[in-house]
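Now for the letters of each chain:
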Amino acid sequence: MLVRVVKKFAEVGFKNCLLVAKNRFNNFFAHRSLKKKSGANLDFLTDEFQEKFKIKDFEKYFENLSQKDFNFAKQYLKNFECQKAEIICQAEELLKDVHQVLGFGKLKKLSGTDLSWHQDVTVSNGFFDNFSFYKDIKFSAANAANLDIDIKADIKVPWHFSRFHHTTILGLAYQFTGNEKYAEKAQKEILDWIEKNPFLIGINWLCPMEAAIRSLNWIYFFYFFKNSKTISLNFWRQFTAILYQHLIYLENNWEIYDSKTNNHYLSDLLGYFYLSYFFDFKKELLWCFNEFLNELDKQIFEEGTSYEGSTSYHALVTEIVQHFLLLAQELNLEVDRKYLEKFKAMKTFLINTKFVKIGDDDSGQIVLGLKLNIKSPNENSIFYKDFGLSIFSSDKLHLTLRQGAYKKNQSSGHFHNDISSITLSLNEIPVIIDPGSYVYTASAYWRNYFRSINVHNTFFIENIVPIELSNNLFYLNLQEGHDSEIFESNNFYYKKFGLISKRKIDIQENIILIHDQWINLQNRDNNFTGCWNFTFAPEISLIKEGNDWQIIYKNKLLAHLKSDLKFEKIDGYVSLMYGQKQKCLRLFAKEEICLHLLDTISFRVIIIPSAWHFCLK
């Protein structure tokens, strides 16, 4: 135990250990105080709020609050003006209680007139704790790792409802039409949530990130509906009181665990930043502003990529930064140019990876997602060394190679076992794709299936896991190091078996040449079974042609795959959104390999797009 503590101390560092200790110390006493107030009557919380702010005339207070500029919301509204018809259509479905929930599809509430705030409505008996103090709820990924192959209740479903993206859609529809039916519905939803989720009671107070995102959506709700004639003044009294309790909750529940902060802490800070603005807390607002910038120094590499190793979480963090900059601009808070350059580089990375998923994907959003005018990048080759990704893009071809990249200060929770994995799109049609994530804690089996090396587009040793998939569903024991050459990757995780696997990719006149090597590091024979896998998009079919394969899309030939390996077609799965699993096809090959004294053996895979008639030399 002592050895583990000393090792952790050395890894995290003295300064970060002090930060974690301070956070835990403060939280311990704060939670004891908060527990006394948990489940408090809403009237009590409202009276306490008015006393705290010395509000004698709430109507006057509300009038002053309504006169805030909220320019960030005005700018956000403009982003969706071109989608007016689509937004109104979604709002009409919400009036009928039909919600689009992640990749689970359109879900309708099950009973009565209330949303299932504590229930995964996609499975039977999908109920979560709605009566315990949030710190007494025992829920963790480690416990969930004992689940079998069946899908159990997924906490992300009720959490998604409780983020209140739907009231933002109703708010946009209200702004576009002025129809009070949207205001009436939105008010009803929030009142029901407040009633069914007493302060600090139940799963919707379990995760600070969820409270932060809910706060932001509620502040947008305030702007969209503050002039509504349907919403009562008494509702606004209750609303501002519970919003203030969200601020209190966040400042006593920062998601700082082992100093490896991630998108959760950024979300906490963003929610607190907007709440401090809403309540005009200048000291807290300035602290939050500076702390957020410190996290950008830590979590975003100079090349503009997120250190969490996931393209989807990079998109989420980019949206977080966008909202942060919108409010900072409104407050005339000067943001150093280097952060603006980082944000620009973050958006460029999104453009360059628009056909790609790398690492985890929970389909998460902060408000309604990031709005970018994304165009196909010009032909170029780019190497994101810190993220670990080489990209080639042109108007007809988009190819990536995942490379090793990790430092000990990075969180490993959203990485996959995907070194040397490729993705390929032709004419903007996804062909060879990353398998995705599907679910997290709802099934340990599927969680580990989708992050395993077996289903990524790489090569590996049969029955040998280079990076162990432990009972901790949000941890990988990654090694420090970086690949240094574009389109060359090395899997050093096989060193313990006396091997290195090396992949190099060449693109010659749009023909893709994949060179794979097994390198024996031992002064003795090394016998093993090598495996190769390519996972294809669901729309792709495969036809064998001798030892080659035709890659077909909508009955049209896209490309040929040739190799000195003998590939066979097998079934597989991909997840294009969180909660969604689709059947697909995979090409899989095995080769018995015997390497003698420091020997090397090479294999080739060649992909020839059919639209270009070049001869293979």
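This next bit is on the overall build of the protein chain. Helix and strand counts for the protein chain come out as 17 helices and 20 strands. Summarising the internal contacts of the protein chain: among those between residues at least 6 apart in sequence, 73% fall at separations of at least 24. Accessible surface for the protein chain amounts to roughly 26,600 Å². Of this, 50% is attributable to carbon and sulfur atoms.

Right, let's talk about empty space enclosed by the protein for a bit. Tallied over the entire structure, the rule returns two cavities of 30 Å³ or more. One number sums up the size of the second largest cavity: a volume of about 50 Å³. Around the second largest cavity, the lining residues are Leu-102, Lys-156, Trp-159, His-160, Arg-163, Glu-210 and Asp-362. No other element matches the four residues that helix α8 (residues 156–163) contributes to the lining of the second largest cavity. Here the lining of the second largest cavity is composed, by residue class, of two nonpolar, one polar and four charged.

Before going further, it helps to spend a moment on unusual backbone geometry. Excluding glycine, residues mostly have negative phi values, and the peptide bonds linking residues are mostly trans. The phi angle at Asp-280 is positive, at roughly 60°, despite the residue not being glycine. By secondary structure assignment, the location of Asp-280 is in the loop between α13 (263–278) and α14 (282–299).

This brings us to the sheet that holds strand β17 (residues 556–563). Judged by pairing direction, the sheet is antiparallel, and its seven strands sit side by side in the order β11-β12-β13-β20-β17-β16-β15 without closing on themselves. Each edge of the open sheet carries a strand with a single partner, namely β11 (488–491) and β15 (540–545). Strand-to-strand twist of the sheet, defined as the mean angle between neighbouring strand axes without regard to direction, takes the value 20°. Where β15 meets strand β16 (residues 548–553), six bridges bridge the pair, whose relative direction is antiparallel. Bridging from a neighbouring strand, Ser-541 pairs with Ile-552 of β16.

Turning our eyes to something else, we now look at the confidence of the model for the protein chain. This prediction gives the protein chain a mean pLDDT of 89; 90% of its residues lie at or above 70. The low-confidence segment residues 1–5, where pLDDT is below 50, has zero contacts with residues more than four positions distant or belonging to other chains. Predicted confidence is poor over residues 612–617, with pLDDT under 50, and the contacts of this stretch with residues over four places away or in other chains come to ten contacts.

With that settled, consider the nonpolar core. Counting 120 residues, the largest nonpolar core has Phe-72, Phe-225, Trp-236 and Phe-279 as its most contacted members. With 13 residues, helix α11 (residues 208–225) is the largest single contributor of residues to this core. Listed in part, the 48 residues of the second largest apolar core include Phe-392, Phe-528, Ile-551 and Ala-589.

It is worth spelling out the layout of surface pockets at this point. Taken as a whole, the second largest pocket encloses approximately 1,500 Å³ of empty space. In terms of lining residues, the second largest pocket is bounded by 49 residues, among which Ser-363, Gly-364, Gln-365, Gly-369 and Met-577 are the most central. Sorting the residues of the lining of the second largest pocket by element identifies α6 (84–95), β1 (98–101), α8, α9 (165–177) and α15 (311–330) as the ones contributing at least two each. Counting residues per element, the lining of the second largest pocket draws most heavily on α15, at six residues.

Our focus in this paragraph is the pattern of salt bridges. Scanning all chains against the criterion turns up 22 salt bridges. For Glu-428, the salt bridge identified is with Lys-354, shortest N-O distance 3.9 Å. Of the two residues, Glu-428 is situated in the loop between β7 (422–426) and β8 (429–432) and Lys-354 in the loop between α16 (337–352) and β3 (380–384); the sequence distance between them amounts to 74 residues. Assessed through its relative accessible area of 44%, Glu-428 is described here as partly exposed. Judged by its relative accessible area of 30%, Lys-354 is partly exposed. Of the charged contacts, one joins Arg-503 and Asp-516 as a salt bridge, the two residues approaching to 2.7 Å between their closest N and O atoms. Highlighted residues: Arg-503 in strand β12 (residues 499–508) and Asp-516 in strand β13 (residues 511–520), separated in sequence by 13 residues. A relative accessible area of 0% means that Asp-516 is categorised as buried. Through salt bridges with shared partners, a single network forms among Asp-97, Lys-185 and Glu-189.

The next point concerns the environment of Lys-556. Residue placement: Lys-556 occurs in strand β17. Spatially, the C-alpha atom of Lys-556 lies 9.6 Å from that of Ser-610, the residues being 54 residues apart in sequence.

Spatially, the four strands line up as an open sheet ordered β9-β14-β19-β18, and their pairing is antiparallel. Strand pairing shows two members of the sheet lacking a second neighbour, β9 (459–461) and β18 (568–574), which therefore form its edges. Along the sheet, successive strands turn relative to each other by an average axial angle of 35°, direction set aside. Judged from the ten bridges that link them, strand β14 (residues 526–535) and strand β19 (residues 582–595) form a sheet pairing that is antiparallel. Within β19, the position partnered with Cys-531 by the bridge is Lys-590.

Sheet topology note: the β7/β8 ladder contains three bridges and is antiparallel. Looking at β8, one finds that Leu-426 is bridged to Ile-429. In sequence, β7 turns back onto β8 through a hairpin of two residues, with Asn-427 there showing a positive phi of about 50°.

Residues of helix α3 (residues 42–52) that are buried: Leu-45, Thr-46, Phe-49 and Gln-50. Viewed end-on, α3 has its buried residues packed into an arc of 135°, placing them on one side of the element. Two residues or fewer after α3 comes Lys-54, characterised by a positive phi angle close to 55°.

Calculation notes
Residues numbered from 1 in each chain as written. Predicted model: local features only at pLDDT ≥ 70, side-chain atom pairs only at ≥ 80, totals over all residues. Heavy atoms only, no water. Helix = DSSP H or I, 4+ residues; strand = E, 2+ residues; numbered from the N terminus. Contact = heavy atoms within 4.5 Å. Areas by Shrake-Rupley, 256 points an atom, 1.4 Å probe, with all protein chains shown as cover. 1 Å grid on protein atoms, 1.4 Å probe; cavity = no way out; pocket = protein on both sides within 12 Å on 5 of 7 lines; lining within 4 Å. Points joined across faces, edges and corners; volume = space filled by probe spheres on them. Nonpolar A, V, L, I, M, F, W, Y, C, P; charged D, E, K, R; others polar. Pairing = 2+ DSSP bridges. Axes fitted to C-alpha atoms, helices over the stretch in contact; angles between N-to-C directions. pLDDT = per-residue confidence, 0-100. Core = buried A, V, L, I, M, F, W, Y, C linked by side-chain atoms within 4.5 Å. Buried < 20%, exposed > 50% of the residue type's maximum accessible area, 1.4 Å probe, protein only. Salt bridge = Lys/Arg side-chain N within 4 Å of Asp/Glu carboxyl O. Arc of directions from axis to C-beta.

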